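# Observations on chain architecture
These are the residues of each chain, in order.
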Amino acid sequence: MVPDIRPDGAIVGWDMELSKAGPQVEQHAEAVADAVCELVDAVTPSTWSVGAVEDAADAIDMLAEALAAIDPEAARALAAVPAATAALRRRLTPAVGEDVAEVPAPRSGRPRRRGLGPGWKGVRATS
């Protein structure tokens, strides 16, 4: 079912009914949409940086979370977004240890100290 806008401004569809937007919600959503359009116009595959990918993926995650709060059906429709943005981050950002060899921590030769473990009550002194 395609959503429909009623004469009073409410949006109806997908078994949900939205009332008019709260204070400044519509302005913020419009600003986000405008910013995304500007981003799309400005980027090419070679103009992305790691920071830009992280920022864009974070924005997608936050928008999906906000939209998922509408109702359970919206949450189900958007449930795959966090996994998709995580996969995007893994694919587009270089691995942390890719160029740097991992150096093991130096060992002193003596055995490591062990903790006292859960439930240790301390030493009881008797007089």
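What comes next concerns the included structure. (Residues numbered from 1 in each chain as written. Predicted model: local features only at pLDDT ≥ 70, side-chain atom pairs only at ≥ 80, totals over all residues. Heavy atoms only, no water.)

## Examining the overall build of the chain
Helix and strand counts for the chain stand at 4 helices and 3 strands. Put simply, the chain has 127 residues, and 9% of those count as buried. If you take every contact in the chain between residues at least 6 apart in sequence, the share linking residues at least 24 apart comes to 38%. (Helix = DSSP H or I, 4+ residues; strand = E, 2+ residues; numbered from the N terminus. Buried < 20%, exposed > 50% of the residue type's maximum accessible area, 1.4 Å probe, protein only. Contact = heavy atoms within 4.5 Å.)

## Some points on the side chain of Thr85
Position of Thr85 relative to the elements: it lies in helix 4 (residues 81-92). Separated by 3.0 Å, the side chain of Thr85 and the backbone oxygen of Pro82 make a polar contact. (Polar contact = N/O pair within 3.5 Å; in protein donor to acceptor, adjacent residues only side chain to side chain.)

## Let's talk about the side chain of Asp71
Following the sequence through the fold, Asp71 ends up in the loop between helix 2 (50-68) and helix 3 (72-77). It turns out Asp71 is buried and unbridged, and the closest side chain with the opposite charge, Arg76, is 6.8 Å from it. (Lys, Arg positive; Asp, Glu negative; His and termini not counted. Salt bridge = Lys/Arg side-chain N within 4 Å of Asp/Glu carboxyl O.)

## As for the pattern of salt bridges
Summed over all chains, the structure comprises 4 salt bridges. Here Asp58 makes a salt bridge to Arg89, at a shortest N to O gap of 2.6 Å. Residue Asp58 is found in helix 2, and its partner Arg89 is found in helix 4; the two are separated by 31 residues along the sequence. A relative accessible area of 32% means that Asp58 is categorised as partly exposed. Exposure remark for Arg89: the relative accessible area of 15% places this residue in the buried category. For the salt bridge of Asp61 with Arg89, the shortest nitrogen-to-oxygen distance reads 3.2 Å. You can see Asp61 sitting in helix 2 and its partner Arg89 sitting in helix 4, a full 28 residues away along the chain. Each of Glu54, Asp58, Asp61 and Arg89 takes part in one network of salt bridges that share partners.

## Considering the environment of Ala59
Note on placement: Ala59 falls in helix 2. Judged by its relative accessible area of 32%, Ala59 falls in the partly exposed class.

## Focus on helix 2
A rise of 1.5 Å per residue sets the reference length of helix 2, with its 19 residues, at 27 Å; its end C-alpha atoms lie 27 Å apart and thus fit the reference within 8%. Of the surrounding elements, those touching the buried residues of helix 2 are helix 4. (Expected span 1.5 Å × (residues − 1).)

## Side note on helix 4
Along its 12 residues, helix 4 runs 16 Å from first to last C-alpha, staying within 8% of the 16 Å computed at 1.5 Å per residue. Within helix 4, the full set of buried residues consists of Val81, Thr85 and Arg89. Relative to the axis of helix 4, the buried residues are bounded by an arc of 75 degrees and lie together on one face. Those residues of helix 4 that are exposed and aimed more than 90 degrees away from the buried face are Ala83, Arg90 and Arg91. Looking at the buried positions of helix 4, the neighbouring elements they touch are helix 2. (Arc of directions from axis to C-beta.)

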